[in-house]
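Fold and contact review
Next come the chains, spelled out residue by residue.
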Amino acid sequence: MEGALIARDRVGVQDFVLLDSHTSEVAFLNNLRKRYQENLIYTYIGTLLVSVNPYKELDIYTLTQMQLYRGVNFFELPPHLYAIADNAYRVMCSECNNHFILISGESGAGKTEASKKILQYYAVTCPTTDQLKIVRDRLLLSNPVLEAFGNAKTLRNDNSSRFGKYMDIQFDFKGAPVGGHILSYLIEKSRVVHQNHGERNFHIFYQLLEGADKDLLGWLGLERNPQKYAYLIQGRCAKVFSINDKNDWKIVRKAFSIIDFSERDIEHLFAIVATVLHLGNIHFEEDSNGHAIIRDGTQIKWISKLLGAHLSILQEALTNRKIEARSEEVLSPLNVDLAFYARDAVAKAIYGRTFTWLVNKINNALVNKDSSRKTVIGLLDIYGFEVLDTNSFEQFCINYCNEKLQQLLIEMTLKAEQEEYEVEGIEWEPIPYFNNKIICDLVEQKHKGIISILDEECLRPGEATDLSFLEKLEEKVGDHPHFLTRKLADQKTRKSIDFLDFRLLHYAGEVTYCAMGFLEKNNDLLYRNLKEVLCNSKNFIIRECFLFSELDSRRRPETVATQFKNSLMSLIEILMSKEPSYVRCIKPNDNKEPGKFDDSLIRHQVKYLGLMEHLRVRRAGFAYRRKYEHFLQRYKSLCPATWPNWNGPAIEGVVKLIKHIGYKPEEYKLGRTKIFIRFPKTLFATEDAFEYRRHLLISRLQAKYKGFLGQRAYQKKRKAAIKLEACWRGALARREAKRRTWAAQIIRKFINGFINRKKPLCPENREFVMLSQYKYLLKLRDHLPQNVLDKSWLKPPSIMEETSEMLHKLCIRTLVRKYCRGVSVERRVQLQQKVVTSAVFRGKKEGYQQSLNQRFLDTRLKENEINPRVLQLIQGESIKYVTPVIKYDRNGFKARERLLVLTQAAAYVVEMAKIKQKVEYATLKGISTSNLSDGIIVIHVPDDNKQKGDVILQCEHVFETVTKLCMLSNKESLVKIVKGSLRFRIGSGKEGTVVFAVGQEPQVFRDRNGQLTVVSTPGPP
Ligand SMILES: Nc1ncnc2c1ncn2[C@@H]1O[C@H](COP(=O)(O)OP(=O)(O)OP(=O)(O)O)[C@@H](O)[C@H]1O
Ligand SMILES: [Mg+2]
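This section reports on the structure supplied with the text.

Criteria and cut-off values
Residues numbered from 1 in each chain as written. Chains lettered and ligands numbered in written order. Predicted model: local features only at pLDDT ≥ 70, side-chain atom pairs only at ≥ 80, totals over all residues. Heavy atoms only, no water. Helix = DSSP H or I, 4+ residues; strand = E, 2+ residues; numbered from the N terminus. Rg over C-alpha atoms; globule rule 2.2 N^0.38 Å. Buried < 20%, exposed > 50% of the residue type's maximum accessible area, 1.4 Å probe, protein only. Contact = heavy atoms within 4.5 Å. Areas by Shrake-Rupley, 256 points an atom, 1.4 Å probe, with all protein chains shown as cover. Lys, Arg positive; Asp, Glu negative; His and termini not counted. Charge placed at Lys NZ, Arg CZ, Asp CG, Glu CD. Donors = N, O, S within 2.8 Å, 3.2 Å for Na, K, Ca; no water. Phe/Tyr/Trp six-rings, centres within 6.5 Å; stacked < 30°, edge-to-face > 60°. Lys NZ or Arg CZ within 6 Å of the ring centre and 35° of its normal. Pairing = 2+ DSSP bridges. Axes fitted to C-alpha atoms, helices over the stretch in contact; angles between N-to-C directions. Core = buried A, V, L, I, M, F, W, Y, C linked by side-chain atoms within 4.5 Å. Patch = residues over 30% accessible without salt bridge, like charges linked within 9 Å, V, L, I, M, F, W, Y side chains within 5 Å. Salt bridge = Lys/Arg side-chain N within 4 Å of Asp/Glu carboxyl O. Parallel < 35°, antiparallel > 145°, perpendicular 65-115°, else oblique. Left-handed = near helix turned anticlockwise from the far one by under 90°. Nonpolar A, V, L, I, M, F, W, Y, C, P; charged D, E, K, R; others polar.

1. A word on the overall build of the chain
Looking only at helices and strands, one finds 35 helices and 31 strands in the chain. Relative to the compact-globule value of 31 Å for 1021 residues, the chain shows a C-alpha radius of gyration of 72 Å, a clear excess of over 25%. On the principal axes, the C-alpha backbone points of the chain span a range of 220 × 80 × 55 Å. In the chain, which comprises 1021 residues, the share counted as buried stands at 50%. Put simply, of all contacts in the chain between residues at least 6 apart along the chain, 63% involve residues at least 24 apart. When the accessible surface of the chain is summed, it comes to about 51200 Å², and 53% of that surface belongs to carbon and sulfur atoms. Looking at the chain, you have 155 positive and 120 negative side-chain charges, and the mean spots of the two groups are 18 Å apart.

Rendered as structure tokens:
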């Protein structure tokens, strides 16, 4: 509600207590109208709910709405029936006490609808179990059954409840509905036999005729046509557009089965309903003696069958009256009028009592046998104040009931107000209000009240009439300020009161009653012989309703008014012990039209419902009161000291708050737990300030919330990232650990392999060996000798030695092969020569090393440089090599320039055009050179005459020349490298010596000893 204080300009105030001019009826009506036109049918007066019938379906009774109001503080949400229901329920649960919700208002104002909605609310929102669902369904379905038998179409309401109903809903300690109990009040029996124009009898008659199947109707002796039944057509509107009897019949039938009605119950119940219809069609005629007789026995036969009563006894009972004269019983025939009266009386009696039986039957189905403690919420759906054109006994009872309830309300409200003031420690300011006890007393006081006087008239012997009753009233209560008759009235008012009328000044206004029929209605007599027939009926319901004990009893039965008074007393007693909530229903117009707000009609109801009175009581002290916590909670944002949180006691916070806002001392009072604000304007000013502040706060909150959302999203992402990182790191670590384990195994294996490497191949060393082989091979691949001369070779592990050797050989062989393939013919020739040179000279003669780099020429002189004569001489032999040499004479050692020509077969020493000496290779005895760097060659020839002796030559290219000679002669082995000196043959048996020496300068000379001395400079090896 606080929330909607804001909308007050458009929709008025939600609590009349907040009206500025709370005593003005106009302001009251304006507020009601404003709200009604906005479809806001509910308004509070404090905790009392005023409801205006919308006459259209509003979207405010949905499941969502029920959930919305469930468990919410009463003032948090706009006024609603659900708020009232929920509040009662919650207080009941928390304080374990009993409650009632009193729903009143005039016919058609929406009382029954309201009570049904409350019941639905409990059915939906209260906790329940599968077991308890049956109770819940029975509670809900008791309504259609009671409405079928107790409601009827009237001019004011198509579904008017023609009885008062009080229903207790019992809840267990968990707050689940576990049972119920219904009390009914004053069913309008007269309707069974008579309806005003435009009205109908109770719904069940029409439902039965419309909905029952053929068999049932046949069994009951009924026809499917309400026009055939005298009791159904007096209002001339058996068929009503807004009522679907056929459909309602189905609902009632279903309800019967859920409320535990047996087939027998149902059969006998409808037998009674049919009996009433047949009774209505009995027609009496006058016989010659003026006595009533029934000519057409059809109806009575059916009744006899349906009630299981003897036909003739029944017939006799309907046309005669049994009179007890002293100890005798005499039958007195009835005249036609009395017969009709008796017939109607029996119809009313059996219907009325059957209704009571029905209520009891439903109560049996709702009873909760569990003896555990229960709390209850009572729903009282009772007729409101009734003022008709002609007000009779029924209106008298109804209005008396409303007086009593008004008294209860005033007392309870005042009591509650006073109690609240006391509890809160606020000084009680007496509230002026009208106490209607005086009217109640007028009606109900023993011996002096109207009911007592009426009873007296009914019971007294002699001819009592309605008029005599009226006179008695004048006599006994004539001086009462709230009582008036034509006789007692002054000149002016007399006109408005008829001779048989009396007027009561009720709290809600004056009502004029017509005393006619009071006595008869109060007596509600049924002739004894008819009662006997009913007591003997085979219909068990009738038997239960009419007990023999009643016949035997000598006491007169209680009159209707006394019965009603007593039941009302016990109702008030029931209510007094409970906490009250009130719903006041208002009918907005007489045409059942939505949206139409009939001012005068409503003003009338506002008055009769005592709403202004109630408002005055509520507003006498303070317009608004709230617990400190709630007040602080709502308005704390208005004061820096209390915003955002107040940590001290709420009262201190409120004091700070109102001081800050600037409340004046006369505007408020501080109770123990509540603040009381005297004027609505103070509250509205606070509310306006709050509204402004709220806007500011909301924007701030929105910003904060957006920030929070951003932060939350960021945190979420961050967490996710951290998680991912952790997972990834974990994965990496696991991978690394796996790798390390693997590595450790490998290393272990490796070490093991290393330790066992020398053993023959076995599992321990296999891998290591293979690895080292592999490694060695890999390394070897990169360190292979690059050429044939490269002698390097990677040292193998011991296990690979053999392989290595083989590989080495293989490699060398490959290199050699490769080398050889790359060698040209010319180079091969060179090499072949060098090989020979090497074989001959290597390590033996100085200059050998240098000679290796010197290319051997094919020849030093070409053929064309040789004297043709010589060529001619050696024709036939191909010249292989020619070089200039110095030949030393064997005698005298004179140096002479010559050519050495080597052919295939022989070596020639040539001088110009002469061949000086020819040495055939075949005869060649040897070739000598020194170990020094001189170029001396001595070709040793055989020791025969043809030869001149050994040839001493000196040539520049000693290695080349000797090699060629060796190769051509194929006499390598004959070459001798001498040290110091050599002996040579001069010819004819003589020998000479060549001495080799080392000196500063190379020279060749004949020394004193006649030896050829060859001096050479020391050279490289
Ligand atoms: N809250 C509501 N929403 C819509 N229609 C409603 C509401 N309350 C009442 N009505 C309409 O008003 C009609 C009369 O209501 P209801 O039967 O409850 O009146 P009542 O006060 O019980 O009258 P009576 O005293 O004759 O029993 C209903 O049939 C329904 O059409
Ligand atoms: Mg009703």
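2. Thoughts on the coordination of the magnesium ion (ligand 2)
The coordination sphere of the magnesium ion (ligand 2), as far as protein atoms go, consists of T112 (OG1) and S161 (OG), spread over 1.9 to 2.0 Å. Placement of T112 in helix α5 (residues 111-125) and of S161 in strand β5 (residues 160-161) is noted, with a sequence separation of 49 residues between them. What makes T112 buried here is its relative accessible area of 13%.

3. Side note on the packing of aromatic side chains
Using the criterion set out here, one finds 41 aromatic pairs in the structure. Residues Y89 and Y122 carry aromatic rings whose centres are separated by 5.9 Å and whose planes lie at 40 degrees to one another, so their mutual orientation is tilted. With Y89 in helix α4 (residues 81-95) and Y122 in helix α5, this pair connects stretches of sequence that are 33 residues apart. According to the relative accessible area criterion, Y89 is buried, its value standing at 12%. Aromatic rings pair up to connect Y61, Y69, Y82, Y89, Y121, Y122 and F171 into one cluster. Here the basic side chain of R757 rests over the ring of F754, its NZ or CZ set 3.8 Å away from the ring centre. K834 extends its terminal NZ or CZ atom over the ring of F856, reaching a point 3.9 Å from the ring centre.

4. Some details on the sheet that holds strand β7 (residues 177-185)
Spatially, the seven strands line up as an open sheet ordered β1-β2-β16-β3-β12-β6-β7, and their pairing is mixed. Two strands in the sheet have a free side with no partner beyond their single neighbour: β1 (42-45) and β7. Geometrically, the sheet is characterised by an average inter-axis angle of 20 degrees between neighbouring strands, direction not taken into account. In terms of strand pairing, strand β3 (residues 99-105) meets strand β16 (residues 579-586) through seven bridges, oriented parallel. Bridge pairing links F100 to P580 in β16. Across the sheet, helix α24 (residues 560-576) lies against β3, β6 (164-171), β7 and β12 (375-383), angled at about 150 degrees from β7, the strand it touches most. Sheet strands in contact with helix α26 (residues 611-619) are β1, β2 (48-52) and β16, and its direction is about 50 degrees off that of β1.

5. A look at the nonpolar core
In this structure, Y122, F149 and F502 are the most contacted members of the largest nonpolar core, which totals 213 residues. Of all the elements, helix α14 (residues 336-366) adds the most residues to this core, at 16 residues. Ranked by size, the runner-up nonpolar core spans 27 residues in total, among them V836, I927, V958 and C966.

6. Side note on the sheet that holds strand β13 (residues 483-485)
With antiparallel pairing, three strands are arranged side by side in an open sheet as β13-β14-β15. At either end of the open sheet lies a strand with only one pairing partner, and these are β13 and β15 (509-514). Mean inter-strand twist for the sheet, computed between neighbouring axes without regard to direction, equals 25 degrees. Relative to strand β14 (residues 501-506), β13 is paired through three bridges, and the arrangement is antiparallel. Along β14, the bridge assignment pairs F483 with L504.

7. Let's talk about a nonpolar patch on the surface
A cluster of nonpolar side chains, contributed by I747, F750, I751, F754, I755, L771 and Y774, occupies part of the molecular surface with about 680 Å² of accessible area. Those elements giving two or more residues to the nonpolar patch turn out to be α29 (680-755) and α30 (763-782). For the nonpolar patch, the leading source of residues is α29, giving five residues. Among the structural elements, I747 can be located in helix α29.

8. Concerning the packing of helix α15 (residues 393-424) against α24
At a minimum axis separation of 11 Å, α15 and α24 run at an interaxial angle of 20 degrees. The angle between the axes of α15 and α24 places the two elements in the roughly parallel class. The hand of the α15/α24 crossing is right-handed. Contacts from F393, C397, Y400, C401, K404, L405, L408, E411 and M412 of α15 reach α24 at V560, A561, F564, K565, L568, M569, I572, L575 and M576. Residue composition of the contact of α15 with α24, by class: 15 nonpolar, no polar and three charged.

9. Things to note about the pairing of β16
When you tally the buried positions in β16, you get six out of eight residues, the bulk of the element. The sheet contact formed by β2 and β16 spans five bridges and is parallel. Among the inter-strand pairings, L49 is bridged to a residue of β16, identified as V583.

10. Some thoughts on the pattern of salt bridges
Overall, the coordinates contain 53 salt bridges when judged by the stated rule. E457 is the partner of R460 in a salt bridge, and the nearest nitrogen-oxygen pair spans 2.9 Å. Residue E457 is classed as buried on the basis of its relative accessible area, which comes to 1%. A salt bridge links E510 to R503; the nearest nitrogen and oxygen atoms lie 3.5 Å apart. Judged by its relative accessible area of 6%, R503 is buried.

11. A few points about the pairing of β15
When you tally the buried positions in β15, you get five out of six residues, the bulk of the element. Where β14 meets β15, six bridges bridge the pair, whose relative direction is antiparallel. By the bridge assignment for β15, L505 is matched with E510. Between β14 and the antiparallel strand that follows it, β15, lie two residues.

Scope: geometric values only; no functional claims are made or implied.
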